[in-house]
Amino acid sequence: MMKNFGLKSLAGTAVAGFLAGYLTHKMFNAQKPTIESGKPAEAKKPSVKPDYNSEDYHNLLKEQLVRNYQFFGEEGQQKIMDSFVIVVGLGGVGSHC
(Lines give C-alpha, C1' and ligand atoms only; values in the text may rest on other atoms or scores of the structure.)
Protein backbone atom coordinates (compact mmCIF):
# COMPACT_ATOMS: atom_id res chain seq x y z
CA MET A 1 0.00 0.00 0.00
CA MET A 2 1.38 3.41 -0.97
CA LYS A 3 1.70 6.19 1.59
CA ASN A 4 1.34 9.87 0.89
CA PHE A 5 4.53 11.48 2.21
CA GLY A 6 3.20 15.00 1.85
CA LEU A 7 4.75 18.42 1.83
CA LYS A 8 7.44 17.73 4.47
CA SER A 9 8.98 14.99 2.36
CA LEU A 10 8.84 17.16 -0.75
CA ALA A 11 10.48 20.09 1.05
CA GLY A 12 13.19 17.82 2.47
CA THR A 13 13.93 16.47 -0.99
CA ALA A 14 14.12 19.99 -2.43
CA VAL A 15 16.51 21.14 0.31
CA ALA A 16 18.69 18.05 -0.16
CA GLY A 17 18.82 18.68 -3.91
CA PHE A 18 19.75 22.33 -3.39
CA LEU A 19 22.51 21.42 -0.95
CA ALA A 20 23.89 18.78 -3.29
CA GLY A 21 24.01 21.29 -6.14
CA TYR A 22 25.60 23.96 -3.97
CA LEU A 23 28.26 21.62 -2.59
CA THR A 24 29.03 20.32 -6.09
CA HIS A 25 29.46 23.91 -7.29
CA LYS A 26 31.78 24.71 -4.38
CA MET A 27 33.79 21.52 -4.85
CA PHE A 28 34.45 22.06 -8.56
CA ASN A 29 35.06 25.80 -8.29
CA ALA A 30 37.31 25.74 -5.22
CA GLN A 31 40.55 27.69 -5.50
CA LYS A 32 43.66 25.64 -5.90
CA PRO A 33 46.44 26.17 -3.37
CA THR A 34 49.22 28.49 -4.47
CA ILE A 35 52.79 29.07 -3.44
CA GLU A 36 51.81 32.44 -1.91
CA SER A 37 49.36 30.73 0.47
CA GLY A 38 52.17 28.61 1.92
CA LYS A 39 50.81 25.40 0.44
CA PRO A 40 52.53 23.66 -2.44
CA ALA A 41 50.99 24.47 -5.81
CA GLU A 42 49.82 21.66 -8.02
CA ALA A 43 51.61 21.08 -11.30
CA LYS A 44 49.83 22.81 -14.17
CA LYS A 45 48.31 20.53 -16.76
CA PRO A 46 48.27 21.53 -20.41
CA SER A 47 45.08 23.43 -21.14
CA VAL A 48 42.77 22.17 -23.86
CA LYS A 49 40.03 24.64 -22.99
CA PRO A 50 38.88 27.07 -25.68
CA ASP A 51 39.88 30.72 -25.49
CA TYR A 52 36.61 32.16 -24.19
CA ASN A 53 37.65 35.70 -25.15
CA SER A 54 38.36 34.95 -28.81
CA GLU A 55 36.08 36.24 -31.54
CA ASP A 56 35.88 32.77 -33.12
CA TYR A 57 34.52 31.30 -29.88
CA HIS A 58 31.83 34.00 -29.62
CA ASN A 59 30.83 33.50 -33.26
CA LEU A 60 30.56 29.72 -32.78
CA LEU A 61 28.53 30.16 -29.60
CA LYS A 62 26.19 32.65 -31.26
CA GLU A 63 25.70 30.26 -34.18
CA GLN A 64 24.85 27.38 -31.82
CA LEU A 65 22.42 29.52 -29.80
CA VAL A 66 20.79 31.35 -32.72
CA ARG A 67 17.26 30.42 -31.58
CA ASN A 68 17.93 31.70 -28.07
CA TYR A 69 19.25 34.99 -29.48
CA GLN A 70 16.15 35.32 -31.68
CA PHE A 71 13.81 34.69 -28.75
CA PHE A 72 15.53 36.61 -25.93
CA GLY A 73 17.40 39.22 -27.94
CA GLU A 74 21.02 40.26 -27.48
CA GLU A 75 20.55 41.78 -23.99
CA GLY A 76 18.38 38.94 -22.68
CA GLN A 77 20.82 36.29 -23.85
CA GLN A 78 23.71 38.17 -22.21
CA LYS A 79 21.79 38.23 -18.90
CA ILE A 80 21.29 34.47 -19.15
CA MET A 81 24.96 33.85 -19.95
CA ASP A 82 26.06 36.01 -17.00
CA SER A 83 23.79 34.22 -14.51
CA PHE A 84 24.37 31.11 -12.38
CA VAL A 85 21.62 28.49 -12.52
CA ILE A 86 21.05 25.28 -10.58
CA VAL A 87 18.36 22.94 -11.93
CA VAL A 88 16.95 20.62 -9.30
CA GLY A 89 14.56 17.87 -10.26
CA LEU A 90 12.68 15.18 -8.39
CA GLY A 91 12.77 12.77 -11.30
CA GLY A 92 10.11 10.31 -12.30
CA VAL A 93 7.67 12.96 -13.50
CA GLY A 94 4.97 11.17 -15.40
CA SER A 95 6.17 7.71 -14.48
CA HIS A 96 4.05 5.03 -12.86
CA CYS A 97 6.43 4.48 -9.91
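Heads up: the structure comes first, above all this text.
Quick notes on the rules
- Residues numbered from 1 in each chain as written.
- Predicted model: local features only at pLDDT ≥ 70, side-chain atom pairs only at ≥ 80, totals over all residues.
- Heavy atoms only, no water.
- Helix = DSSP H or I, 4+ residues; strand = E, 2+ residues; numbered from the N terminus.
- Contact = heavy atoms within 4.5 Å.
- Phe/Tyr/Trp six-rings, centres within 6.5 Å; stacked < 30°, edge-to-face > 60°.
- Buried < 20%, exposed > 50% of the residue type's maximum accessible area, 1.4 Å probe, protein only.
- Lys NZ or Arg CZ within 6 Å of the ring centre and 35° of its normal.
- Salt bridge = Lys/Arg side-chain N within 4 Å of Asp/Glu carboxyl O.
- Expected span 1.5 Å × (residues − 1).
- Bend = angle between axes of the 7 residues up to and from the residue.
- Axes fitted to C-alpha atoms, helices over the stretch in contact; angles between N-to-C directions.
- Parallel < 35°, antiparallel > 145°, perpendicular 65-115°, else oblique.
- Nonpolar A, V, L, I, M, F, W, Y, C, P; charged D, E, K, R; others polar.

## A closer look at the environment of Lys62
Stage number 1. Locating Lys62 in the fold gives a position in helix H2 (residues 55-64).
Stage number 2. Each residue touching Lys62, except ones within four places of it in the same chain, is listed here: Tyr69 and Glu74.

## So, the packing of aromatic side chains
Stage number 1. Considering all chains together, one arrives at 1 aromatic pair under this definition.
Stage number 2. Arranged with centres 5.0 Å apart and planes meeting at 85°, the rings of Phe71 and Phe72 form a pair that is edge-to-face.
Stage number 3. Owing to a relative accessible area of 67%, Phe71 belongs among the exposed residues under this scheme.
Stage number 4. On the accessibility criterion, Phe72 (42% relative accessible area) is partly exposed.
Stage number 5. For Lys62, the ring lying beneath its charged end belongs to Tyr69, and the centroid distance is 5.2 Å.

## Remarks on the pattern of salt bridges
Pairing between side chains becomes possible if they bear opposite charge and their charged atoms approach one another.
Stage number 1. Under the counting rule described, the total for this entry stands at 1 salt bridge.
Stage number 2. A salt bridge links Glu74 to Lys62; its shortest N-O distance comes to 3.1 Å. In this pair, Glu74 sits in helix H3 (residues 66-82) while Lys62 sits in helix H2, placing the two residues 12 residues apart along the sequence.
Stage number 3. On the basis of relative accessible area, Glu74 is assigned to the partly exposed category, the value being 48%.
Stage number 4. The exposure class of Lys62 is partly exposed, given its relative accessible area of 37%.

## Brief notes about H3
Stage number 1. Relative to the 24 Å expected for 17 residues at 1.5 Å per residue, H3 spans just 17 Å between its end C-alpha atoms, considerably shorter than the ideal helical length.
Stage number 2. The largest bend along H3 measures about 110° and falls at Gly73.

## Structural notes on the side chain of Gln77
Stage number 1. Mapped onto the secondary structure, Gln77 falls in helix H3.
Stage number 2. The residues touching Gln77, leaving out its near neighbours within four places in the chain, are Leu65, Asn68, Tyr69 and Phe72.

## Notes on the packing of H2 against H3
Packed helices, taken two at a time, are described by their axes: the angle between them and the distance between them.
Stage number 1. The interhelical angle for the contact between H2 and H3, taken along N-to-C directions, is 130°, at an axis separation of 9 Å. Relative to H3, the element H2 is oriented oblique. Along the contact surface, H2 presents Leu61, Lys62, Glu63 and Gln64, while H3 presents Val66, Tyr69, Glu74 and Met81.
Stage number 2. Residue composition of the contact of H2 with H3, grouped by class: 4 nonpolar, 1 polar and 3 charged.

So far we have only geometry, and geometry alone does not tell us how the molecule works.
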